[in-house]
Amino acid sequence: MSVVTRFPSQLALTFLLIVFAGALRFYKLGDWPFAGDERATLREEQSLFGEEDAPHKSQAYRLPRLIPLSYSIHRINNSIFGRDEFGSRVTMAFLGSLSVGLVFLMLDMLKGRPAAMATALLVALWPEHVFQSQQTRFYIAAAFFTYLCILIGAFAASRRSTLLSIAVSCSIIAAVLCHTVMGALVMIVFVGILAGAYAEGQPMPRNVIAVFVATVVLLGVFFGVYLKPLLTGWNASGAWGYDVSHSVLASVNMLGWPIASLSALGFLILLHERQSQNWYWITCALGWLGATVVFPSLVTYHPAYVFPLSIGVLVLAGCAIGTVFEGLHSRSVWLGAAWVGVACLGNLPSLVSHYKDGSRIDMRTAAQYVEKNWKAGDRVAGFSIGLFRHYSEGCEPAIPLSETNAVVTLEDLADAHGRLWIVLRSNRPGLNEDLFRWVGTHCSHERKVRRIRFDYAEYAVDIFLYTPPQFDPSLGGMQR
């Protein structure tokens, strides 16, 4: 089929995939309460544009200045759609939907329709991609520009043109301005293009090399002059504790074992044929793995940092699905279609689980419960107390608890007069043993706020109430 005759079908399928992805990403978009990071994003955006004062050493001041493109996108979005749970997420959901169409359209020209359709469906149905598309944060914006960069790089791997290399360079800069660690794209894409040239025994044009050298120099100057002062001491108190093995398994878990397994099959299939495209995508997937291994030793690491780089692994999985489909399709159209459906729906249980609670705690319901039962003289303490304040009106004083010394703080608070509400978020392992023992001994458990999921993850908020001995609420907080 010629390019001319394929183009209408390409556009039609691209549009349908964007609509399908959009339906998944806009579904229940405004239902989820804000998570702590989302509220922080709103404050950070205001800090960047001078509407909120923040200490110069705080994350609220430094983060939006590290990645100004992400926060400029949030600024435009919030100006148009508002700052509530739905409005603040609209552009993120749109970028996530558009990413699916972008993947299909460009891969259809690069790897053929079966692989392109399979990869686009994997991205559309990937629970992590849906979650990031429904979050007021910067990861999906970084992923959009990273996908664009790597896909343009795939064309450059075949054609090795100066113009395509410049387009890759511009995409890298945009990705870095959305998420600083995407500077790794320079190495990943350049090595991928080199691998493509080597696979076909072709020389690397000097102009292409010059573009990447210039990009490295530009980013190096940008880092040394502008980023380094902002990054000094960044997340120094972070206690996420990801070592290499933990990081790798967390990244595989983020992909989901169905995608991870299919990508391993795709690696073997693409490695078999010595083609520029095949070796380029293998390099991109290995770049994702390399970042997963190296980043924990360079920065205080979180698995979402490598989320934008995952497109290489998804393409390997899509190529595996497409190759098997072509073999089955020659025997039976229905058998081939059934294979694609089963392979692309491997993460469906996790996706359905996401729609139970949005993959975040519900501090809104917890705050409303406390507010409804609040009495004069009450106090409240808890984790994520800033998020609690966002959803409560007049529940003061509200005292933050530290994860490391919560019991010490609670014992001090218990010495004062008046009731104390204790609001504690937790995940599947629950509260730490000392804290669990203290609230179990001294408090009544008033409510657990959570939705039962299907995938063993749990986002819970427990509400406890400490009532001092001989305390009578009917006396307005007086001791009897």
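Note that the coordinates shown come from a computational prediction; the quantities given were computed from them, not determined experimentally. (Residues numbered from 1 in each chain as written. Predicted model: local features only at pLDDT ≥ 70, side-chain atom pairs only at ≥ 80, totals over all residues. Heavy atoms only, no water.)

Q: Could you clarify how one ought to interpret the overall build of the protein chain in this entry?
A: The helix and strand inventory of the protein chain stands at 21 helices and five strands. Taking 23 Å as the expected radius of gyration for a compact globule of 480 residues, we find that the protein chain reaches 25 Å, a close match to that expectation. Counting only C-alpha atoms, the protein chain reaches 90 × 55 × 45 Å along its principal axes. Residues classed as buried in the protein chain amount to 52% of the 480 residues present. A separation threshold of at least 6 residues defines the contact pool for the protein chain, and within that pool the share at least 24 residues apart is 73%. Total accessible area on the protein chain is roughly 21500 Å²; 63% of this is exposed by carbon and sulfur atoms. (Helix = DSSP H or I, 4+ residues; strand = E, 2+ residues; numbered from the N terminus. Rg over C-alpha atoms; globule rule 2.2 N^0.38 Å. Buried < 20%, exposed > 50% of the residue type's maximum accessible area, 1.4 Å probe, protein only. Contact = heavy atoms within 4.5 Å. Areas by Shrake-Rupley, 256 points an atom, 1.4 Å probe, with all protein chains shown as cover.)

Q: Sorry, what's going on with the packing of helix 13 (residues 257-272) against helix 14 (residues 276-298) here?
A: Any two packed helices are characterised by how steeply their axes cross, that is the angle between the axes, and by the distance between the axes. Relative orientation of the contacting elements helix 13 and helix 14 amounts to 145°, with a least axis distance of 8 Å. Both helix 13 and helix 14 take part in a crossing whose hand is left-handed. On helix 14, the residues touching Phe267, Leu270 and Leu271 of helix 13 are Asn278, Trp279, Trp281, Ile282 and Leu286. (Axes fitted to C-alpha atoms, helices over the stretch in contact; angles between N-to-C directions. Left-handed = near helix turned anticlockwise from the far one by under 90°.)

Q: Help me understand unusual backbone geometry in this model?
A: Most peptide bonds adopt trans geometry, and most residues besides glycine take a negative phi value. Residue Glu396 is joined to Pro397 through a cis peptide bond whose omega torsion reads 5°. Relative to the helices and strands, Pro397 is located in the loop between helix 19 (385-391) and strand 2 (398-400). A positive phi is found at Arg160, a non-glycine position, where the angle reads about 50°. If you trace the backbone, Arg160 turns up in the loop between helix 8 (139-159) and helix 9 (162-176).

Q: Sorry, what's going on with the nonpolar core here?
A: Nonpolar side chains in soluble globular proteins tend to end up buried together. The biggest cluster of nonpolar side chains holds 100 residues, and the ones touching the most others in it are Tyr147, Leu185, Val189, Tyr280 and Trp281. The greatest single-element share of this core, amounting to 16 residues, is contributed by helix 8. Not counting residues within four places of it along the chain, the set of residues in contact with Trp281 comprises Leu107, Lys111, Ile150, Leu151, Ala154, Leu270, Gly312, Val315 and Leu316. One finds Tyr369, Val370, Val380 and Ala398 within the second-largest nonpolar core, a separate group that totals 21 residues. (Core = buried A, V, L, I, M, F, W, Y, C linked by side-chain atoms within 4.5 Å.)

Q: What exactly am I supposed to notice about helix 5 (residues 90-110) here?
A: Spacing of three or four residues puts side chains on the same side of an α-helix, whose turn is 3.6 residues. Look at helix 5: 30 Å from first C-alpha to last across 21 residues, which is about the 30 Å you get at 1.5 Å a residue. Helix 5 sits mainly inside the fold: 17 of its 21 residues count as buried. One or two residues past the end of helix 5 sits Gly112, with phi positive at roughly 95°. (Expected span 1.5 Å × (residues − 1).)

Q: Sorry, what's going on with the packing of aromatic side chains here?
A: Two numbers describe a pair of aromatic rings. These are the distance of the centres and the angle of the planes. As enumerated under the stated definition, the model contains 11 aromatic pairs in all. Their ring planes at 85° and their centres at 5.9 Å tell us that Tyr301 and Tyr305 sit as a pair that is edge-to-face. The exposure class of Tyr305 is buried, given its relative accessible area of 10%. Pairing Tyr369 with Trp421 gives two aromatic rings, centres 6.3 Å apart and planes at 85°, and the pair type is edge-to-face. Separated by 52 residues along the polypeptide, Tyr369 in helix 18 (residues 363-372) and Trp421 in strand 3 (residues 420-426) bring together distant segments of the chain. Assessed through its relative accessible area of 18%, Tyr369 is described here as buried. Just above the ring of Tyr61 sits the side chain of Arg65; from NZ or CZ to the centre is 3.7 Å. (Phe/Tyr/Trp six-rings, centres within 6.5 Å; stacked < 30°, edge-to-face > 60°. Lys NZ or Arg CZ within 6 Å of the ring centre and 35° of its normal.)

Q: Even after reading the chapter, I still don't get the pairing of strand 1 (residues 379-382), so can you show me in this structure?
A: Along any regular strand, the residues point their side chains to alternate faces of the sheet. What you see with strand 1 is no split at all: Arg379 and Ala381 on one side and Val380 and Gly382 on the other are buried throughout. Pairing of strand 1 with strand 3, which is carried by four bridges, proceeds in the parallel orientation. From the neighbouring strand, Ala381 faces strand 3, where its bridge partner is Ile422. With three bridges connecting them, strand 1 and strand 2 associate as parallel partners. (Pairing = 2+ DSSP bridges.)

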